[in-house]
Amino acid sequence: MATDTQLRDDAPGGKSGITVHAVRWVENLSETQFAYLLLVPTVLILGVIAFWPLLSTFEMSLRADALIGAKPIGEYVGIKNYVDLLTGKRNAALTRPFMPGLSVDGQFPFLHVAGGTLFKSAITVTLIFTIVSVFFETIIGFGQALVLDQDFRGRRWVRVAIIIPWAVPVVIQGMIFFLLFQPGIGFLVEPLQQIGLFSSTPLINSVDSMIIVIVADIWKTSAFMALIILAGLQSVDRSLYDVAKVAGASKWQQFKLITFPIILPTILVAMLFRTIGAMRVFGIIETVSSCSTVPSLSCLVVTTFSQRRYGTAAAIAFLTALLIAIVVSVYIWKFNDEGGV
Amino acid sequence: MGTATPDESEREPAYERAAQKAIRDPEIAYRFAFYMVTAFFLVTTLFPFYWLLVLAVTPNDAIANMGILPKFITANGIDPSLFNPEVFLTVFEVVPFHTYVLNSLVLALMTTVIVLVIASLAGYVFGRLTFPGRGPLMLLILAISYFPPAAFLLPLFRLFTGNVDIFGLSSPTIFNTPWSMVLPFSALFLPLSIFILTTFYGQIPDGLEDAARIEGTTRLGALFRVIIPLSAPGVATAGVLTFISVYNEFFFSFLMSDGQVPRLLTNFFANQNHWSPIVKGILGYQGQYAQFYNLMAAASIVGVLPVVILVVIAQEKIVSGLTAGALKE
C-alpha cells in the first residue's frame, strides 16, 4: 500500500516504532476526532489563560471585599457588589464613582446627570469617549480609505504614512500627546487657552484631558478603520461605475448610489471592532493623563484592584463586559436591519 | 489621468484660466480636492513624529515655548549651540533603553511563533474540516474579545505569582520571566490569527489536499507540506499583525512586569533580566527624568523605529490581513 511507503519516508533512519504508531493512530481517527485533536493546544491555552481567569473573576465578583484580615477575599454575598455598583451605593468606596449622579423628573430629557459627575464617573466617561472617538474615527477613516482607493503616484508611501500611527506602541502614543499638550513646551496649549477651550493645566483637568485622549485615539486608530473600509472599497465591482458613467451619473451620485450602500456593512463591522476596543480604553489614559483624571471603566478596575477591593474590582470588570455585550448586540441588530452579509 | 492638473507655479492669469477650466470640467476640481485632502492626512499623521524630532534635538534647557520650527533655526541662520543630536546617545546612558526594546522584540517574537503554530492548527480545523460544535466553538473564541483585559488580570496575577493551588501544588512562579507576558499576549491575540488563517486555509482548493493524500501523504504531512506552504501569505500576515500588536500592547506589559532590566546587555539572558518591555522603558523617563523632555522624545523615536521599518516592509501583508480577517468573520 502507498501509505506504508510514505510512513517509512516520514520516519527516516528507522525511527522508533512510537512515531510510526502515533502517525498511524492519527490516520485512523475520524474527521471529528482529528479536528478535536488539532484544537487541543488552542483549548489548552485559551482555557488556562482566558476562560479560567474569567470564571475565577466571576466567582470573585460574588464575594465581599476583605480589606482587613489574612484572606484576600471575603465571604459569598451573591450579587450585592453588582447591585451596590449600579445603584451608586458603592461610589463612596471607589477612587472615582462608577455611576454618575442621576435624577429623573418630568422635564426633557427626563433623565438628568448631576452637574460635575458627567466627566468624573466611569460609565459616562467611557460612553462619551467611545461615542465621540468612534464617530470621528469612522469619518476620518472613511476619508483616508477613499484616498487610498485612488490610483496615484506615491500611493505606496501615502499608505505607509497613514498606517504608521496605528503601529505606534500605545505608550509612545501617550508620550507624543503628553509632549504636545504639556503647558510650557509647545505652541498648541496657549492659543487653545486663549480661545477659552483649555484651562491652564489641561493634563489634570477632566474635560481637557478627555479631549486630548480622544484626539490621541483618533490619531492612532483612524488608520485601522481606513484599512478595513479600504478592503470593502476594493471589493466593489468596478464595472458598476462604468455603467453609472454611461448613464451619466455624477461622482456624487456614483458615491451615493453605488459605493456607500455596498460598503455600509463593512463600515458597521469596522465600527463594531473599534467600539469594543474603545470601551476597554486604558493605556492612553494612563500615559497621557491619569486614571483619576479620566476614569474609564478599565481604569476603575485597575485602581480598585490596587486598593485591594478584589470583589468590587471583579464586579466592575464583568459589568464592563456586560456593557460591551449590550453595545455589540445593538450593532448586530442594526447590522441585520441593513441586510448585511 | 488624462486631464492636466493646474500648475500652481504659473502666474495670476494662468490661475484664473485654471479656475475657469475647473468650472467647465469638474474633473480638475475633483483632482484638486483630492490632493488637498491627501496633504491634510499626511500632515496630521506625520506631524507628531516631526514634533518628537524637534524636541529631541533641542537641548533640554532650551525647551520652553517652542515654535513649530526647531530652535536652532534662528533669524540669523543656524545656531549650533541649540542643536543637540548627541541626545540619541545620552538616551541609552540614563536608562538602558536598548534592553527594554530588545525585551519587547524577543517577547513579540516568542508570542508570534506560539500564536502561528497554534493558530495554524486551529485555522486548518475551522477552515477545512466539518465537525459538530464548529460554530459554537468559533463564537466562544470570539467572545474573549468582549472582555476588558482587566477581567483576566486578577486571577492571572495570582496564578503567575504562585498563589493558585493546582491539585494540591502551588502554581509555578513565572512572574519576572518572559512567560508572564507571552502567555497572556498569546491568548489575547490568538483569536485574530485563527480568524485570518481560517479564511486563508478555506480558500485552498480541496483537490490539492486530496491529491497529496492519494499520493500517500499523511494527514499532518498534507497540512505541513501542502496547506501551510500554499497559504504562506496568510501566515505571514497573521505573523506581522501579531508581532505589531504585541509590540504595541500596553495593559499586560504594564502590569505583568516590575520595570527591572539589567544595566548591561551581557546580562540579557541572565536572572537580572526581568523582561520589562518598552512600556516600562518609556515610563522610566517619566519618573526620575520627568523634566528631560528631549530624552523622552528621543526614546519615543527609538522605540517607534522597529515598527516603522516593519510597516514599510510589510504594508501589503497588513492590508491583505485586515481584509481577510475582518470581512470573512
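Conventions and cut-offs
Residues numbered from 1 in each chain as written. Chains lettered and ligands numbered in written order. Predicted model: local features only at pLDDT ≥ 70, side-chain atom pairs only at ≥ 80, totals over all residues. Helix = DSSP H or I, 4+ residues; strand = E, 2+ residues; numbered from the N terminus. Buried ≥ 20, exposed ≤ 12 C-beta atoms within 10 Å, placed from the backbone. Contact = placed C-beta atoms within 7 Å. Core = buried A, V, L, I, M, F, W, Y, C linked by C-beta atoms within 7 Å. Domains from an automatic or database assignment. Expected span 1.5 Å × (residues − 1). Axes fitted to C-alpha atoms, helices over the stretch in contact; angles between N-to-C directions. Parallel < 35°, antiparallel > 145°, perpendicular 65-115°, else oblique. Nonpolar A, V, L, I, M, F, W, Y, C, P; charged D, E, K, R; others polar. pLDDT = per-residue confidence, 0-100.

Quick look at the overall build of chain A
Counting its regular elements, chain A contains 14 helices and four strands. Buried residues in chain A amount to 40% of all 341 residues. In chain A, the share of contacts with a sequence separation of at least 24, taken over all contacts with a separation of at least 6, comes to 63%.

Some points on the nonpolar core
Proteins that are soluble and globular tend to have nonpolar side chains buried together. Among the nonpolar cores identified, the biggest contains 177 residues, and A:L179, A:V213 and A:I316 are the most heavily contacted of them. Three or more residues apiece are contributed to this core by two domains, here domain 1 (6-82) and domain 2 (87-323) of chain B. If sequence neighbours within four positions are ignored, A:L179 has contacts with A:I185, B:W51, B:L55, B:Y293, B:M296 and B:A297.

What to know about helix α2 (residues 26-57) of chain B
With 32 residues, α2(B) ought to run about 46 Å at 1.5 Å a step, and its terminal C-alpha atoms sit 46 Å apart, in line with that. Along α2(B), the residues that are buried comprise B:T38, B:F41, B:T45, B:P48, B:W51, B:L52, B:V54, B:L55, B:A56 and B:V57.

Things to note about helix α7 (residues 170-181) of chain A
Residues and elements named next belong to chain A. Given a rise of 1.5 Å per residue, twelve residues ought to cover 16 Å, and the 17 Å separating the end C-alpha atoms of α7 matches this to within 8%. The buried fraction of α7 is high, at twelve of twelve residues. Taken together, the buried positions of α7 are occupied by V170, V171, I172, Q173, G174, M175, I176, F177, F178, L179, L180 and F181.

What to know about the packing of helix α3 (residues 31-61) of chain A against helix α6 (residues 150-160) of chain B
Interhelical geometry of α3(A) versus α6(B) gives an angle of 90° and a closest axis separation of 8 Å. In terms of axis orientation, α3(A) runs roughly perpendicular to α6(B). Along the contact surface, α3(A) presents A:I49, A:A50, A:W52, A:P53, A:L54, A:S56, A:T57 and A:M60, while α6(B) presents B:A151, B:F152, B:L154, B:P155 and B:L156. Tallied by class, residues from the contact of α3(A) with α6(B) come to eleven nonpolar, two polar and no charged.

A few points about the domain arrangement of chain B
Residue and element names in this part refer to chain B. By domain assignment, chain B separates into domain 1 (6-82) and domain 2 (87-323). A C-alpha centroid distance of 38 Å is found between domain 1 and domain 2. Each side of the interface is counted separately: domain 1 has nine residues, and domain 2 has eight residues.

Focus: the interface of chain B and chain A
Quite often, the size of an interface is put as the accessible area lost when its parts meet. Chain B puts 77 residues into the contact, and the matching count from chain A is 80 residues. Going through the elements one at a time, α2, α4 (97-128), α6, α7 (179-202), α9 (219-230), α10 (232-248), α12 (278-287) and α13 (293-327) of chain B are the ones with two or more residues in the side of chain B that touches chain A. Considering every element that reaches the side of chain B that touches chain A, the biggest residue donor is α13(B), with 17 residues. Its residues placed into classes, the side of chain B that touches chain A shows 61 nonpolar, 15 polar and one charged.

A look at the confidence of the model for chain A
Residue and element names in this part refer to chain A. For chain A, per-residue confidence averages 83 on the pLDDT scale, and residues scoring 70 or more make up 89% of the total. Taken element by element, chain A is modelled with least confidence in helix α1 (residues 2-10), mean pLDDT 44, and with most confidence in helix α5 (residues 122-149), mean pLDDT 93. Here residues 1-13 is a poorly scored stretch, pLDDT under 50, and it has 13 contacts once near neighbours within four places are set aside; other chains count.

Here we look at unusual backbone geometry
One non-glycine residue, A:R308, lies in the positive phi region at around 70°. Checked against the element boundaries, A:R308 lands in the loop between α13 (297-306) and α14 (310-337). The residue B:W275 is not glycine, and still its phi comes out positive at about 60°. Residue B:W275 is classed as buried on the basis of its C-beta count, with 26 C-beta atoms lying within 10 Å.

Remarks on the confidence of the model for chain B
Residue and element names in this part refer to chain B. Of all residues in chain B, 93% have pLDDT values of 70 or greater, and the mean over the chain is 83. Across chain B, the element-wise mean pLDDT spans from 72 in helix α1 (residues 12-24) up to 93 in α4. In the predicted structure, residues 1-10 sits below a pLDDT of 50 and forms ten contacts with residues beyond four places in sequence or in another chain. The model gives residues 325-329 a pLDDT under 50, and that stretch makes eleven contacts with residues more than four places away or in other chains. Two numbers describe this predicted complex: its pTM, 0.85, and its ipTM, 0.85.

Some details on the environment of B:F243
Residue and element names in this part refer to chain B. Tracing the backbone shows F243 in helix α10. On the neighbour-count criterion, F243 (24 C-beta atoms within 10 Å) is buried. Linking F243 and L109, residues 134 residues apart in sequence, is a C-alpha distance of 6.6 Å. Once residues within four sequence positions are removed from consideration, F243 is found in contact with A108, T112 and L310.

Concerning the environment of A:A313
Tracing the sequence through the fold places A:A313 in helix α14. The exposure class assigned to A:A313 is buried, which follows from the 27 C-beta atoms found within 10 Å. What A:A313 contacts, discounting residues up to four positions off in sequence, is A:V301, A:T304, A:F305 and B:L154.

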